[in-house]
Amino acid sequence: MEKWPIGVFASIDAGLGVKLEVVHALGIPTIHLHAPQKATRTRENAEAFVKRLEKLGIRITVVFGGFEGESYADIPTTAKTVGLVPPETRAERVQEFKEISDFANLLGVDTVALHLGFIPHDAGEGVFDEVVAVTREICDHCQANGQRFHLETGQESAEDLLQFIAAVDRDNLFVNFDPANMILYGSGEPVEALGKVAKHVRSVHCKDATWSDKPGETWGAEVPLGQGAVGFESFLGKLKEIGYDGPLTIEREIPQDPERQKAEIGAGAQLLADLRAKLLS
Ligand code: MG
């Protein structure tokens, strides 16, 4: 496989990613797929979808879970509604994620990922231990499917993420590193954080953002690739340094304006291809 193939976050009937037609039109060879809704996750649909992807020459590298009721409206709402942290929905979401892992398996995909939510900082706190326990349960389910499980980064510092990974203590637990989330949530300088969690990183999101004037309290702003504070030449330089050679998956979710979304993803893909040529030559 080519080093650093370009990718994009895509969706079929759920999530905010681009449609497959757009991925194909842009000539992008890999995707992270937002898991489709329950009714769509059948064996028949999986088989048909695999055939369609083969025809389009697109490969899924990660299937991302997401749940009804999640909202990223602002940081407090995110903390209250996202992932496996909210106790009211935890059990049903763990069950649904196992089903997503099984669907990914039908698609022949060896990696599933999830934004776990705002994990409390302190080991020994009730919620921390509970989230560790359900993460183990998910890792073990994925292991039985021959899959890795990737944690989406963002809302925690590199140190907190390392502590959580150590507490879960599973060989198939890795990190999907999203540099823009570090900036959006105000949780640390992304390139530096990437260096700290390096050995756990098995997939990345190429997304850009600007810092909030109140980091950690209010969102920064998500902006087109190359126009924010990530600094993609240093980000890719760090990926090279740590020996990462997987896909560079663009995440740009503005479904309310598909034309703009397509144009921005095309420009982002070009920027990444140019940097790749420069850094890998
Ligand atoms: Mg992301």
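Residues numbered from 1 in each chain as written. Predicted model: local features only at pLDDT ≥ 70, side-chain atom pairs only at ≥ 80, totals over all residues. Heavy atoms only, no water.

1. Description of empty space enclosed by the protein
Once rolled over the atoms, a probe with the size of a water molecule shows which space is left empty. As a reminder of what qualifies: Detection works on a 1 Å grid of protein atoms alone, calling trapped sets that fit a 1.4 Å probe cavities and calling open sets with protein on both sides within 12 Å along at least five of seven lines pockets, with lining residues defined by an atom within 4 Å of a point. Grid points are joined across faces, edges and corners, and a volume is the space filled by probe spheres set on the points. Strands are runs of DSSP state E lasting at least two residues, helices are runs of H or I lasting at least four, and both sets are numbered from the N terminus onward. The nonpolar class holds Ala, Val, Leu, Ile, Met, Phe, Trp, Tyr, Cys and Pro. Asp, Glu, Lys and Arg form the charged class, and all remaining residues, Gly among them, are polar.
Applying the stated criterion to the full structure yields 2 cavities of 30 Å³ or more. Within this model, the largest cavity holds a volume of roughly 60 Å³. Among the secondary structure elements, those contributing two or more residues to the lining of the largest cavity are strand S9 (221-223) and helix H10 (258-280). Taken together, the residues of the lining of the largest cavity break down into 6 nonpolar, no polar and 6 charged. Taken as a whole, the second largest cavity spans an internal volume of roughly 40 Å³. Lining the second largest cavity, in full, are Ile119, Pro120, His121, Phe128, Glu156, Asp160, Leu161, Gln163 and Phe164. Ranked by the residues each element gives to the lining of the second largest cavity, the list is headed by helix H6 (residues 158-168), at 4 residues. For the lining of the second largest cavity, the residue count by class is 5 nonpolar, 2 polar and 2 charged.

2. Things to note about the environment of His34
Looking at where His34 falls in the secondary structure, it is placed in strand S2 (residues 30-34). Taking C-alpha positions, His34 is 6.3 Å from Ala10, a pair spaced 24 residues apart along the chain.

3. Here's the deal with the sheet that holds strand S4 (residues 111-114)
Just so we agree on the cut-off: Whether two strands pair depends on DSSP finding at least two bridges between them. In this description, a line fitted to the C-alpha atoms serves as the axis of each element, helices being fitted only across the stretch in contact, and the angle between N-to-C directions of two axes falls anywhere from 0 to 180 degrees. Every residue pair with non-hydrogen atoms within 4.5 Å of one another is taken to be in contact.
An order of S1-S2-S3-S4-S5-S6-S7-S10 is seen for the 8 strands of this closed barrel, with the pairing classed as parallel. Neighbour-to-neighbour, the strand axes of this sheet turn through a mean angle of 30°, independent of strand direction. Bridge count between strand S1 (residues 6-11) and strand S10 (residues 248-250): 3 bridges; the pairing is parallel. Looking at the pairing, Ile6 lines up with Leu248 of S10. On the sheet, helix H8 (residues 190-197) packs against strand S6 (173-177) and strand S7 (201-206) and is oriented at approximately 165° with respect to S6.

4. A closer look at the pairing of S4
Note the following rule: The buried label applies to any residue whose accessible area, calculated with a 1.4 Å probe on protein chains only, is under 20% of its type's maximum; exposed applies above 50%, and partly exposed to all values in between.
Burial of the side chains of S4 extends over both faces: Thr111 and Ala113 are buried on one face and Val112 and Leu114 on the other. Pairing of strand S3 (residues 59-64) with S4 involves 2 bridges; the strand directions are parallel. Within S4, the position partnered with Phe64 by the bridge is Ala113. Relative to strand S5 (residues 148-152), S4 runs parallel, the two sharing 4 bridges. Across the sheet, Ala113 pairs through a bridge with His150, a residue of S5.

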